[in-house]
Amino acid sequence: MTVALRSVSLTTLSHVTGEGRAMAARKILTLLGTVALAATAFATPAAAGVELVADPASYVDPLIGSTNAGNTYPGATTPFGMIAWSPTTTKGLQNGTGAAGGYQYDVTRVRGFSLTHLNGTGCTPGASGDVPIMPFPGAVLSSPSADRTDQVFASDFSHADETAEPGHYGVGLANGVGVDLTTTDRAGLGRFTFPADKPANLLFRTSNSLPGSSNASISIDAAHRRVTGSVDSGGFCGRTTGGEENQRSYYTLHFSVTFDQPITGQGTWVDGTLRPGTSSATGGEGFTDAARVGKGSGGYVGFDASKGPVTARIGISYVSAANAQRNADAEIPAGRTFDGVRASARKAWQDQLTKIELGGGTHAQLTTFYTALYHALQQPSLASDVTGEYLGSDRKVHRLAKGQHAQYGTFSGWDVYRGQVQLLAFLDPARAGDYAQSLYNFAGQNGGEWDRWLHDNGGTHVMSGDPSAPALAGMYAFGARGFDVQGAFGSLVSAATVPTANDSRDAGCPIQCIGQRPGLADYLKLHYAPDDACHCWGSAAETLEDSVADFALSDWASRIGSDPSTFLARSGYWRNLVNPRASVDGPYVQARKADGSWVTPFQPSTDTGFVEGSSAQYTWMASHDVAGVVGGLGGASATVKRLDGFFHDAAGNWALSGVDDVHYNPGNEPDINAPWLYDYLGRPWQTQQTVRQIVNTVYGPGTGGLPGNDDLGTMSAWYVFATLGMFPQVPSRADLVLASPLFPRAVVHRGNGATITVEAPRASADTYYVQGVRVNGSPSSKPWVAESFVANGGTITYDLSTTPNPTWGTAAADAPPQAALPAFHPNVAAPAVTPKPFRPLVTPVG
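Residues numbered from 1 in each chain as written. Predicted model: local features only at pLDDT ≥ 70, side-chain atom pairs only at ≥ 80, totals over all residues. Heavy atoms only, no water.

A closer look at unusual backbone geometry
Our working definition: The secondary structure listing takes helices from DSSP runs of H or I that are at least 4 residues long and strands from runs of E that are at least 2 residues long, numbered from the N terminus. To sort residues, take the accessible area from a 1.4 Å probe on protein chains only and compare it with the maximum for the residue type: under 20% means buried, over 50% means exposed, and anything in between is partly exposed.
In this model, Gln379 is joined to Pro380 through a cis peptide bond whose omega is 10°. Positionally, Pro380 belongs in the loop between helix H5 (363-376) and strand S19 (381-382). Cis geometry is found at the peptide bond from Thr600 to Pro601, where omega equals 0°. In this fold, Pro601 is placed in the loop between strand S27 (586-589) and helix H14 (615-618). Its identity is not glycine, yet Asn71 carries a phi of approximately 60°, on the positive side. Not every positive phi belongs to a glycine, and Asp456 is a case in point at roughly 55°. Locating Asp456 in the fold gives a position in the loop between strand S24 (453-455) and strand S25 (458-459). A residue is classified by how much of its surface remains accessible, and Asp456, at 8% relative accessible area, is buried.

So, the pairing of strand S4 (residues 133-136)
What counts here: Following DSSP output, two strands are said to pair if at least two bridges run between them.
Of the two faces of S4, the one carrying Ile133 and Pro135 and the one carrying Met134 and Phe136 are both buried. Sheet topology note: the S4/strand S9 (residues 200-204) ladder contains four bridges and is antiparallel. Note on S9: the bridge partner recorded for Ile133 is Phe204.

Quick notes on the packing of aromatic side chains
Here is the rule: Stacked, tilted and edge-to-face are the three classes applied to pairs of Phe, Tyr and Trp rings, where Trp contributes its six-membered ring and a pair requires centres within 6.5 Å; stacked means planes under 30 degrees apart, edge-to-face means over 60, and tilted covers the rest. As a reminder, the over-ring test applies to NZ of lysine and CZ of arginine, requiring each to be within 6 Å of the ring centre and within 35 degrees of the ring normal.
Taken as a whole, this structure holds 34 aromatic pairs when the rule is applied. When the ring of Phe369 is compared with that of Phe743, the centres are 5.8 Å apart and the planes differ by 80°; the resulting orientation is edge-to-face. Taken together, the residues Phe369 in helix H5 and Phe743 in the loop between strand S29 (736-738) and strand S30 (745-749) connect sequence positions 374 residues apart. By relative accessible area, Phe369 is classed as buried at 0%. Ring geometry for Phe721 against Phe727: centres 6.1 Å apart, planes inclined by 90°, an arrangement best described as edge-to-face. As far as burial versus exposure is concerned, Phe721 and Phe727 are alike and both buried. The residue whose ring lies beneath Arg418 is Trp414, and the NZ or CZ to ring-centre distance is 4.7 Å.

Some points on the sheet that holds S30
Stated precisely, the cut-off is as follows: A fitted line through C-alpha atoms represents every axis, and for helices the fit uses only the stretch in contact; the resulting angles, taken between N-to-C directions, go from 0 to 180 degrees.
Pairing within the open sheet is mixed, and its six strands lie in the order S18-S30-S31-S35-S32-S33. Of all the strands in the sheet, just strand S18 (356-359) and strand S33 (778-780) have a single pairing partner and so form its edges. Pairs of neighbouring strands in the sheet enclose a mean axial angle of 20°, with direction left out of account. Taken together, the six bridges between strand S32 (residues 769-775) and strand S35 (residues 794-801) define a ladder with antiparallel strand orientation. Note on S35: the bridge partner recorded for Arg774 is Thr797.

Focus on the state of the cysteines
What is meant by a disulfide is a covalent connection between two cysteines, made through their sulfur atoms. To keep it simple, the criterion reads: Cysteine sulfur atoms that pair up within 2.5 Å are treated as a disulfide.
By the definition in use, this model includes three disulfides. The residue that forms a disulfide with Cys509 is Cys513, at a sulfur-sulfur distance of 2.1 Å. Residues Cys509 and Cys513 share a disulfide whose torsion about the S-S bond is about 140°; that sign makes it right-handed. Should the bonded cysteines of the protein chain be numbered as they appear in the sequence, the pairing reads 1-2, 3-4, 5-6.

Topic: the packing of helix H9 (residues 468-477) against helix H12 (residues 539-559)
The condition that has to hold: In this scheme, a crossing is called left-handed if the near helix is turned counterclockwise away from the far one by less than a right angle; it is called right-handed if the turn is clockwise. By the convention used here, residues are in contact when the closest approach between their heavy atoms is within 4.5 Å. For this scheme, ten residues count as nonpolar: Ala, Val, Leu, Ile, Met, Phe, Trp, Tyr, Cys and Pro. Four count as charged, namely Asp, Glu, Lys and Arg, and the remainder, Gly too, count as polar.
At their nearest, the axes of H9 and H12 sit 8 Å apart, and the two run at 35° to each other. For the pair H9 and H12, the crossing hand works out as left-handed. Residue-level contacts link Ala469, Pro470, Leu472, Ala473, Tyr476 and Ala477 of H9 to Val548, Ala549, Ala552, Leu553, Trp556 and Arg559 of H12. In the contact of H9 with H12, the residues fall into eleven nonpolar, no polar and one charged.

Digging into the sheet that holds S25
Strand order in this open sheet of three strands is S23-S24-S25, and the pairing throughout is antiparallel. Each of the sheet's edge strands pairs with one partner strand only, and the pair in question is strand S23 (411-412) and S25. Note: S24 against S25, two bridges, orientation antiparallel. Following the sheet pairing, Leu454 is matched in S25 by Gly459.

Distances and angles like these do not, on their own, reveal function.
Take a look at the structure:
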C-alpha cells in the first residue's frame, strides 16, 4: 500500500484527534479475534494504581557499559558534577587503561583513582582522567614514572571487593588498602585504610592524565597537611589521523587536598628520578605513546597507618589552586563526615532520577532504565567555581554574567544533538538554558566559531557537521530559555552564511577538521559538499549534517520571528546526493565531486564520503525530511521494503548487532532515528516492533548492557526515550513520535511545572503493539504528540496487545508533521536551488 506523507507548515503542529475511534477499534478487535479485549479497552486504567518506584537510585548499576566498548566509568560523581573520582585501570602499560573511559571491567589492576572522567567517549586512550591518586602500602624507593609496565605501584583487585553506586565508589585492593570515594559537585572525600603494619603512602601522579599532558606541578605543604598541584592537558583524539591538532593542552586542572592526619614523610619525582624529602616538582609526559613512556612528574606523602584511615578532602578547579580550595571549603566544610557527603551525593542523584518515576517492570528493566538515566545526566559537566569564575576557551578566566547560574563544559556535539540534549531540556529546561549560554560563551571566546566537540573548555574539532545549531534549536524547542537567544541564533546564522578561513583549511582533517562549516563556500555554490574539495571528514556526511543544521536554523527562525525560507531551502541540499542508480538495490546517498560526477566505485557498504558509517546507514539520516527520503527511494512501498531489509537479514532474522555496514547499527548515531521512520510510512506497528526488539535485546543489565560507546549519554538517552515510547525524531523540534511504553506507568516531571503521565496497563517486554491511544482522555489515531502536549503536560494512555494493529495510525493524515519542502524528483544532476537572501530577526527575542 502506498501511503502519501502529510506536508505541513512549520507552525501548523496542533494535535488533532481521530474520529469514529470506538467503531474502528471494535472492527479491529473483531478481525483480530480478541473481542474480549473490547470490554476492557480504555476502562479506568489499572496503571493508575501501579506503585511508583520509591528509590530509583537503588536500581542504578554504574558498571553497566564497562565492557562492550561502552566506555563508562563506575566512580563517584554527582549529576553534572565537575569532579568524577574513579579508578584508572591498567593492562600493564603506564599510558594505557583498557578503555577510553579509564576503566574496563575485565581489567582488574588499577594504578590510581583519577579526579575527572568523561562518560562513554570513543577515542583511546580517552580524555581527562586527571591526577590519578594511588594508595601504596610500602616504601617509595623508585620513581613511579619509571614503572613503565605498572608492576610496582599498581595493584590488583577483585570485583567481589568493589562497590559502585550513585555518589560512591569503594574497593578493597589486593595490596591491602581499602578505598572509599564520595563527591560533591566540585569536591570530594577519599578515605584510605592502610594495613597498620606497613608504610602508608599516597602517590599523586599529577602528569598521568589519560591522553597525556604538556606540564604538571605538585607542591607539598606538610605544616598545613596540604598538597596542591595542577596538570595541563587536553589531547582528546590526538592519536587519530589528523589528531596532531589535538596533541596539545587546552585546559589546566588545579587541585588542593587537605588531610585529617599529619604528613609524616614526603618526596617527589621527575621522569625516572626519585627525590625523597623534596616538596615540589614539575614536568609533563607529552601526548604520544613514544613521548610518554618513562616521563612525567608527581609526588607522594606518607602517614602513620596505626592512627587509622586517612581522609583526604579535595577540591578541583579549572581556574586556580586557590579556587580549588574555595570549592572544597564551600562544599565540604569542616565537620562534614564521609557518610554525610555520601548521603548528600545519593540524594542529589535521587532528585534527578525521580524526575521520571516508573511503575511496574522487572528488576532488570528498572536497573537498565535508571542506569541509562543516570548515565544520560552525568553531562554536561560543571565548569564554573563557587566564585562564579571559569576558564574560557581562550584560556582566560571569565565570570558568569548576570542571569547565568553555572557554566558547563564538554559538548560531544555530533553525538548529543540526536537525543541527549533533548532529554536534558525535557527534564530540566533551566539547566539546558545555562548549557546553551555556556556554549555561546565558549564560541564568543573562540572568535565566534562553535566547536563541534568541546572537551571541558577546549575545542577539539572532532567529528563532522555543525551540531551546535540543532542542539541549541532543540533545547529551545523543549523550553530552554534563560540564554541569549538572539545572540546565539545570530552567531550560528553567521557561521552558516559567511565562509571563514578555517572553513577552507585542511588542518586536522579528516577527523578533526578545524572549520565550523567545512568547505562552506563550495557548499553554498554547489548545494552539496564536493568530495574532492570538502575540507571535511566525509563529504556526503557533511552535506547531510549541514542540511540538518540548516533545517534547525529554519525551524528556530520561525519560532523567533525571523524568515525561515532560506535555511528551509538549504535543508533539502542533501537530496542532491541521492543517486537513483547508485546500486542494483536502488537509490542511495552517494558522494559526488565538484564537477557533479559521482565518486566511484560504489556499494551500499562504502564509507567513502561518510563518517563512522556507510551509505546504507546514512541514507536514513535526514530525519527532518522524511518526504525527501521517501521520494528519493521511490515511494513509501519501496521505502518500507528498504527499511525492512535494513533491520533484517536475507532470511528475515533481526540484524541489530552492528557488525556490518549494510544493516542498522544501534551503537552509533547516524541511523539511530531509523526505527522511528515507520511512523511516517503508515506502519507504526513496525516502529513499535523494531524499537522494542532493540530495547529487549541490545540494552540490558550487566557490564555489556550498552550497544557501544555511550557518547556522553547519547545511547542511554535513546533508551530512556524508547522505553517511554517516544522520541524527538527531528532534533530541532519537540514533537515526539511514538512507539509504545515498556512500563505500565511512567510519570515525567519536566522541571517547568508540567507533568507527563504515560499509562499502559498491559505493557510488558512482549506486549507492545498499540491497539489505541488516548491523549488527555480523547482518542487519538496519531503516532506522535505535538509540542503543545510536551510543553503543557498531560496523560497518554495506551491500549496494548501482543498482536499488531495494522490500521491504527496508518492514515496519511496521522503521520507525524514534516517541513513544507518541495516534492522530491531525483535527478542525477544537482538541481539549482537559489535561496533567498537571509533576512535577520524582525521581532526582539526575550
